[in-house]
Amino acid sequence: MNIFLSNQVLIFLFSETVLYLLALIAFVGTLQILKLWDFQATTPRQYALEKRAFLIVTMIQLILWFKILLLPYFAYTIDKLSLLIPGAMCGAGVIAANPYGNPLLLLKILLLFGIGIWLIVDREDQKAPDYPFFKTKFRFYLLLFVLLTTEYILDIVYFSHISTSDVVQCCSAIFGISGSNRIPFNLNTTSLVAIFYLLYLLTVLLALQRRPWLLFIVSLLFLYFGYQSVVHFFGTYIYQLPTHKCPFCMLQKEYWYVGYLLWSLLFGGVFFGIANAALSVMIHKTSLRLYRLAILFNTFFVILCTAYVLFYLIQNGVWL
Amino acid sequence: MIEVKNLTKIFNEGSEATFHALKNISFTIRDNELVLLKGVSGSGKSTLLAIIASLLKPSSGDVVVEGRHVAKLPDLHASKFRATTIGFIFQSFNLLDHLSVSENIAVPLIPMKLPKTELIRRVEHAMELANISHKRDTTAKNLSGGEKQRCAIARALVNTPKVILCDEPTANLDLDNAHAFVEVIRRLKQEGYTILIATHDTIFDTLQEVDRTIAIENGEILQ
Amino acid sequence: MQSSFLSFVFLLVDKHRNKHLAIFFISTLLVALVSAFWLLSASIKHDALVALAQQPDITVQKMRAGRSVDIETARIDRYANIKGVSNVAPRVFGRYFTPDRTHYFTIVGIDFFDEQMVKWIRELLPQIDIRTFLEKPHMVVGERVKQFMHAHYYDDYYNFISPEGKEQRVALYKALPDSVNLIASDTILMDIDLARRILGVDQEKATDIILDVPNPMERDNIRFKLLEMDYDTRIITKTALEKAYENLYNYKGGIFLLGALIVLVTFMLILFQRYTMINSADRKEIAILRAVGWSIKDVIRLKLLESLTIALLAFGAGFLLAYGYIFGLHAPLLKEIFLGFGNLPVAMHFTPVVDFGMLSSLFLFFVVPFLASVVIPVWKIAVTDASEALK
């Protein structure tokens, strides 16, 4: 129970609670709207529903912006908790402190993607005079609400199951050579990095060619291999230590908090990459801008990763 | 051109306080016409103007302005319609009292995301048109009745509308200012605006530029 | 352009300042209170951890019947051979009770043959002349010790009495610098053999043995090795100490924050109430905006930005207020609440410690509930029936 008295955890959970309350109100409103909406009607009830819709849309927008802020704050909270928990040197150990950590993190990222898609659909919906995607977007919100509820429950369960007395593994145990997180498919580092760059080029190509579904698949692959590449290769150049393989340590002060930027760029790029596919399913439209943003984010991500390697090479003349 | 087709508005439908403000109204106003809407208070003039401006939704019927069906537009499109097509002049001026003249006039332009220089240019132009440039920094509540009217006119013109709607524009003016306002209307008609004035002031009766008068009583058009 | 929208927001905030004043003041106070607590707490924790960083990486104590007893210095050679250990040294220290047994001080022995120790003491007291110090029995004392001595009419020296009853006069060399007085005001530093004599520790023994382990990742490993070597020991790692400290601060900080959050919830309700009170003038203002072409979305954006402006202004003002209070005025009253009312060094200066994390926490703490509370009132006023309000 000590964990709950950490400043960051308290603030994090408090913010999540406030946002969940908003989400709940939006959920109730959504149910009403879905049941009674009839755009052609000229009744006072329909007009009242239109007004109600503004409230719900505003709430969801507010929830999104705050969720975007809360994800890095979650990472920060986890990082700070590593100071309290025996054995942990960074967030990796804290996330692994119980089986809920990793699913929670994944869910948060997934949720952020989902809410991002919702906002794009909402924007498109408001452009036409007859709200063509109205029901679609609110039905989608119902799905998001299920995810939000799961996330909230997981938040509480995860934090309440972190003990300050049980020792957790530190990242060198989790990610290192002896750890359970080897490079997948028994690849060696060179192959991994080659696949990484190839996938990047593929995302750029597909975005330029405007192929939403291929880009969707390749973006997901890029997410996976991008993560693995950072952990097993690029990260070691950030830490300047060939055995230091950890996705969380780079969030710390010593590394100039570069982790926040790095992961934001990757998640952003992947989001914009998969967005058009989701949009084509939901509203049968795609956006040129999303392709461009995907290219932009992925490119900056790759540049950042490569920069660390080049910097080390230039400075030391050898590979790690 | 403004077409009003079978417009009905019922307030508080289904309750004891049900009030039929407009009953099956139809008429057409052609481009560049100056039309007077005459009727006493409570006859439905303000309600009609509000529906034409897409500020209020009717119970049934349709309104077509410049080719667009505006009666049941969702708010985003209704407001855009108002912002680009309609200039509204109210009875009690309805200025924002704490803001200056130039700030008041700028209000309709703010959500349009114009570059600041363009915004200032349009405000300046509108102030010249309404002859109120010399009072640009005066707070609205410190203006005289006639000055407030000119400020309201400038605000109505700043977004280069096609249609000007006036709701009892001379009700709070003394005779001199009322005449000045009539002059403004004359000029606007000459410049090509379509103008609809809801009023029971007889001062407009002598205005030659008036093309038509529509009489309204108890929510219905007479004759 | 967005800038004209923002200018308009600021214009309206300014014009409506009376409406927002009460909320602004309460918000500022709330932010200031929490900021002051955090700033002070972070500052003290920082100084404490800096002092703690001076501690050895690993400390080995010999245990008998659950109690710590003097440890054989012969073990030092064995420990020095462990891979990853860079330096091993004996420590002699202990409590020295005053004759009436009501007070005690902590005597810490310094081994001047040990490079690390010498380096440490030079850092602590840059002007120390070791030769002079060792010429005769000398000591360096903390503030409380000095005060005690003075109260008992000892100024330049003190007569210690060893457990065997023998007197030992020790001259005062210097007082400890202010910066360490937070945790060391009861401390007396002297040569290690002198300390042995006064505390009654054998020549071949020490109170504990300390090890330097530069690589923090190896500390746990080495801890196991040490336990394997000598089962009768207790091993304390610096990392464990740091975590204990963190836990302590964490606990105290958490209790406070819980209280602050309760106040915050009350504040949210007040906020909600206050902004739900829409008077006819407000309604008219919105109706005018709508009539000239503002959409409901534009109005909501305007009002939310207005609220955000107030929140940010209060945030900035509150934080600066707290900063000035803690680091400018040196936290009168709050300082005593934190550190206890007695025995404080006269001029207590706090090291300003602010990091982006603290600001983020403060921001989320305040702005999230603020905006969440105003979203419904903002919406309510934005969807006001424009035509009604204009009549």
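Along each chain, residues carry numbers from 1 onward, in the same order as the chain's sequence is written. Just so you know, chain letters begin at A and ligand numbers begin at 1, following the order they were written in. For a predicted model such as this one, the threshold for reporting local features is a pLDDT of at least 70, and the threshold for listing and counting side-chain atom pairs is 80 or more; totals across whole chains, interfaces and linings nevertheless cover every residue.

A.B. asks: Just checking my understanding: could you explain the overall build of chain B for this structure?
C.D. replies: A helix here means a DSSP run of H or I that spans at least four residues, while a strand means a run of E at least two residues long, and both kinds are numbered starting from the N terminus. Of the regular secondary structure elements, chain B holds six helices and 10 strands. Against the globule reference of 17 Å for 223 residues, chain B gives a C-alpha radius of gyration of 17 Å, in line with a compact fold. Oriented by its inertia axes, the alpha-carbon framework of chain B measures out at about 50 × 40 × 35 Å. Note on contacts: each residue gets a C-beta atom placed from the backbone, and two residues are in contact if those atoms are within 7 Å. Partitioning the intrachain contacts of chain B with sequence separation of at least 6 by distance along the chain shows that 69% fall at a separation of at least 24. Atoms counted for the radius of gyration: C-alpha only. Globule rule: 2.2 Å times residue count to the power 0.38.

A.B. asks: Explain the overall build of chain A to me, please; I cannot follow it from the model alone.
C.D. replies: Check the secondary structure of chain A and you find 10 helices and zero strands. Ordering the α and β elements of chain A from the N terminus gives α-α-α-α-α-α-α-α-α-α. For a compact globule of 320 residues, the expected C-alpha radius of gyration is about 20 Å, and chain A comes in at 22 Å, within 12% of that figure. Taken along its principal axes, the extent of the C-alpha atoms in chain A is 75 × 55 × 30 Å. To assign burial, the other C-beta atoms lying within 10 Å of each residue's own C-beta are counted, with C-beta atoms placed from the backbone; 20 or more indicates buried, 12 or fewer indicates exposed, and intermediate counts indicate partly exposed. Residues classed as buried in chain A amount to 43% of the 320 residues present.

A.B. asks: Please explain the interface of chain A and chain B as it appears in this structure.
C.D. replies: It is common to give the size of an interface as the accessible area that goes away when the parts come together. Residue-level contacts link seven residues of chain A with 10 residues of chain B. At three residues, helix α2 (residues 44-81) of chain A tops the list of elements feeding residues into the side of chain A that touches chain B. As a working rule, the residues Ala, Val, Leu, Ile, Met, Phe, Trp, Tyr, Cys and Pro are called nonpolar, Asp, Glu, Lys and Arg charged, and the rest polar, with Gly in that last group. Of the residues belonging to the side of chain A that touches chain B, the class tally is four nonpolar, two polar and one charged.

A.B. asks: Help me out: how do you make sense of the interface of chain A and chain C in this one?
C.D. replies: Every contact between the two is made by 27 residues of chain A and, on the other side, 27 residues of chain C. Looking at the side of chain A that touches chain C, the element that brings in the most residues is α2(A), giving 10 residues. Classifying every residue of the side of chain A that touches chain C by side-chain character gives 18 nonpolar, eight polar and one charged.

A.B. asks: Mind showing me how you'd approach the sheet that holds strand β5 (residues 68-69) of chain B here?
C.D. replies: Sheets are built from strands paired through backbone hydrogen bonds, the pairs being either parallel or antiparallel. Residue and element names in this part refer to chain B. Sheet architecture is open: four strands sit in the order β2-β1-β4-β5, paired in antiparallel fashion. Looking at strand neighbours, the two that pair on one side only are β2 (19-29) and β5, the edges of this open sheet. A pair of strands counts as paired when DSSP detects no fewer than two bridges linking them. Across seven bridges, strand β1 (residues 2-11) lies against β2 in antiparallel orientation. Bridge assignment links Glu3 to a residue of β2, and that residue is Thr28.

A.B. asks: Could you clarify how one ought to interpret the packing of helix α9 (residues 258-283) of chain A against helix α10 (residues 288-316) of chain A in this entry?
C.D. replies: Pairs of packed helices are described in terms of their axes, by the angle between the two and the distance that separates them. Residues and elements named next belong to chain A. Between N-to-C directions, angles cover 0 to 180 degrees, with each direction set by a line fitted to C-alpha atoms, over the stretch in contact for helices. Two elements in contact, α9 and α10, have axes whose closest approach is 8 Å; the angle formed by their N-to-C orientations is 150°. Relative to α10, the element α9 lies roughly antiparallel. α10 is crossed by α9, and the crossing has left-handed handedness. Contacts between α9 and α10 involve Leu261, Leu262, Leu265, Leu266, Gly268, Gly269, Phe272, Gly273, Ala275 and Asn276 on the former and, on the latter, Leu290, Tyr291, Leu293, Ala294, Phe297, Asn298, Phe300, Phe301 and Leu304. When grouped by side-chain class, the residues that make up the contact of α9 with α10 number 14 nonpolar, five polar and no charged. Note on angle classes: values under 35 degrees are labelled roughly parallel, values over 145 roughly antiparallel, values of 65 to 115 roughly perpendicular, and the remainder oblique. Here a crossing is taken to be left-handed if its near helix is turned anticlockwise relative to the far helix by less than a right angle, and right-handed if that turn runs clockwise.

A.B. asks: Which parts of the structure should I look at to understand helix α10 (residues 238-276) of chain C?
C.D. replies: Think of an α-helix as 3.6 residues a turn; residues three or four steps apart then line up on the same face. The terminal C-alpha atoms of α10(C) lie 54 Å apart, and with 39 residues this matches the ideal 57 Å at 1.5 Å per residue to within 8%. Taken together, the buried positions of α10(C) are occupied by C:Lys238, C:Lys243, C:Glu246, C:Asn250, C:Leu257, C:Ala260, C:Leu264, C:Phe267, C:Leu271 and C:Tyr275. How far a helix is expected to stretch is found by multiplying one less than its residue total by 1.5 Å.

A.B. asks: Got a minute to help me understand the sheet that holds strand β3 (residues 34-38) of chain B in this structure?
C.D. replies: Residues and elements named next belong to chain B. The six strands are arranged β6-β7-β8-β3-β9-β10 in an open sheet whose pairing can be described as mixed. With partners counted over all chains shown, the strands left at the sheet margins are β6 (86-89) and β10 (220-221), one partner each. Pairing between strand β9 (residues 212-217) and β10: two bridges, direction antiparallel. Across the sheet, Glu217 pairs through a bridge with Glu220, a residue of β10.

A.B. asks: Explain unusual backbone geometry to me, please; I cannot follow it from the model alone.
C.D. replies: Excluding glycine, residues mostly have negative phi values, and the peptide bonds linking residues are mostly trans. Residue and element names in this part refer to chain B. We note that Ser54 has phi near 60°; this positive angle belongs to a residue other than glycine. Here Ser54 lies in the loop between α1 (45-52) and β4 (60-65). For Ser54, a count of 25 C-beta atoms within 10 Å gives the class buried. Residue Asn94 is not a glycine yet carries a positive backbone phi of 50°. Its location among the elements puts Asn94 in the loop between β6 and α3 (101-106). By the C-beta count within 10 Å, which is 22 here, Asn94 ends up buried.

A.B. asks: How should I be thinking about the nonpolar core in this particular structure?
C.D. replies: Soluble globular proteins tend to bury their nonpolar side chains together. Put simply, a nonpolar core is buried Ala, Val, Leu, Ile, Met, Phe, Trp, Tyr and Cys residues tied into one set by C-beta atoms within 7 Å. Within the largest apolar cluster, 228 residues are counted, with the highest numbers of intra-cluster contacts made by A:Cys171, B:Ala154 and B:Leu165. When residues in this core are grouped by element, the largest group, 16 residues, is from α2(A). Other than its neighbours up to four places away in sequence, A:Cys171 contacts A:Met89, A:Cys90, A:Ala92, A:Gly93, A:Cys246, A:Phe248 and A:Cys249. Counting 36 residues, the second-largest nonpolar core is a separate cluster that includes C:Ile71, C:Val140, C:Val213 and C:Leu226.

A.B. asks: Could you clarify how one ought to interpret the domain arrangement of chain A in this entry?
C.D. replies: Residues and elements named next belong to chain A. Annotation comment: domain bounds sourced from an automatic or database domain assignment. Assigned domains within chain A: domain 1 (2-160) and domain 2 (182-316). One C-alpha centre belongs to domain 1, the other to domain 2, and the line joining them spans 25 Å. Of the residues lining the interface, 16 residues belong to domain 1; the matching set on domain 2 comes to 14 residues. When residues of the side of domain 1 that touches domain 2 are assigned to their parent elements, the largest contribution, seven residues, is made by helix α4 (residues 101-127). Classifying every residue of the side of domain 1 that touches domain 2 by side-chain character gives 11 nonpolar, three polar and two charged.

A.B. asks: How do you make sense of the packing of helix α1 (residues 7-36) of chain A against helix α5 (residues 134-160) of chain A when you look at a structure like this?
C.D. replies: Residues and elements named next belong to chain A. At a minimum axis separation of 9 Å, α1 and α5 run at an interaxial angle of 150°. What the angle tells us is that α1 and α5 run roughly antiparallel. Of the two elements, α1 crosses α5, and the hand of that crossing is left-handed. Contact with α1, carried on its side by Val9, Leu13, Glu16, Tyr20, Ala23, Ala26, Phe27, Thr30, Ile33 and Leu34, involves Lys135, Phe138, Arg139, Tyr141, Leu142, Phe145, Leu148, Tyr152, Asp155 and Phe159 of α5 and no other residues of that element. For the contact of α1 with α5, a count of residues per class yields 15 nonpolar, one polar and four charged.

A.B. asks: Which parts of the structure should I look at to understand the environment of B:Thr194?
C.D. replies: With respect to the secondary-structure elements, B:Thr194 resides in strand β8 (residues 194-199). Residue contacts for B:Thr194: discarding those within four places in its chain leaves B:Ile2, B:Ile29, B:Asp31, B:Asn32, B:Glu33, B:Lys162 and B:Val163.

A.B. asks: I keep staring at the environment of A:Tyr158 and nothing clicks. Help me out?
C.D. replies: Residue and element names in this part refer to chain A. In this structure, Tyr158 sits in helix α5. Its 22 C-beta neighbours within 10 Å are what place Tyr158 among the buried residues. Counting along the chain gives 55 residues from Tyr158 to Pro103, while the straight-line C-alpha distance between them is 9.8 Å.

A.B. asks: Just to check I follow, could you spell out the confidence of the model for chain B for this structure?
C.D. replies: Detailed reading of the predicted model is not advised wherever pLDDT is low. Residues and elements named next belong to chain B. The predictor rates its confidence in each residue with pLDDT, a number between 0 and 100. Within chain B, residue pLDDT values average 88, and 100% of them lie at 70 or more. Averaged pLDDT values for the elements of chain B fall to 84 in β10 and rise to 93 in α3. Both confidence scores are given for the complex: pTM 0.82, ipTM 0.90.

A.B. asks: So what exactly am I meant to see when it comes to the pairing of strand β8 (residues 167-175) of chain C here?
C.D. replies: Side chains on a regular strand alternate between the two faces of the sheet. All names here are of chain C. Here four bridges tie strand β6 (residues 138-141) to β8, and the two strands are oriented parallel to one another. When the bridges of β8 are listed, His138 appears paired with Ala171. Where strand β7 (residues 157-161) lies against β8, five bridges are found, and the strand directions are antiparallel. Within β8, the position partnered with Tyr157 by the bridge is Ala171. Here β7 folds back onto β8, and the loop between the two strands holds five residues, one of which, Gly165, carries a positive phi near 95°.

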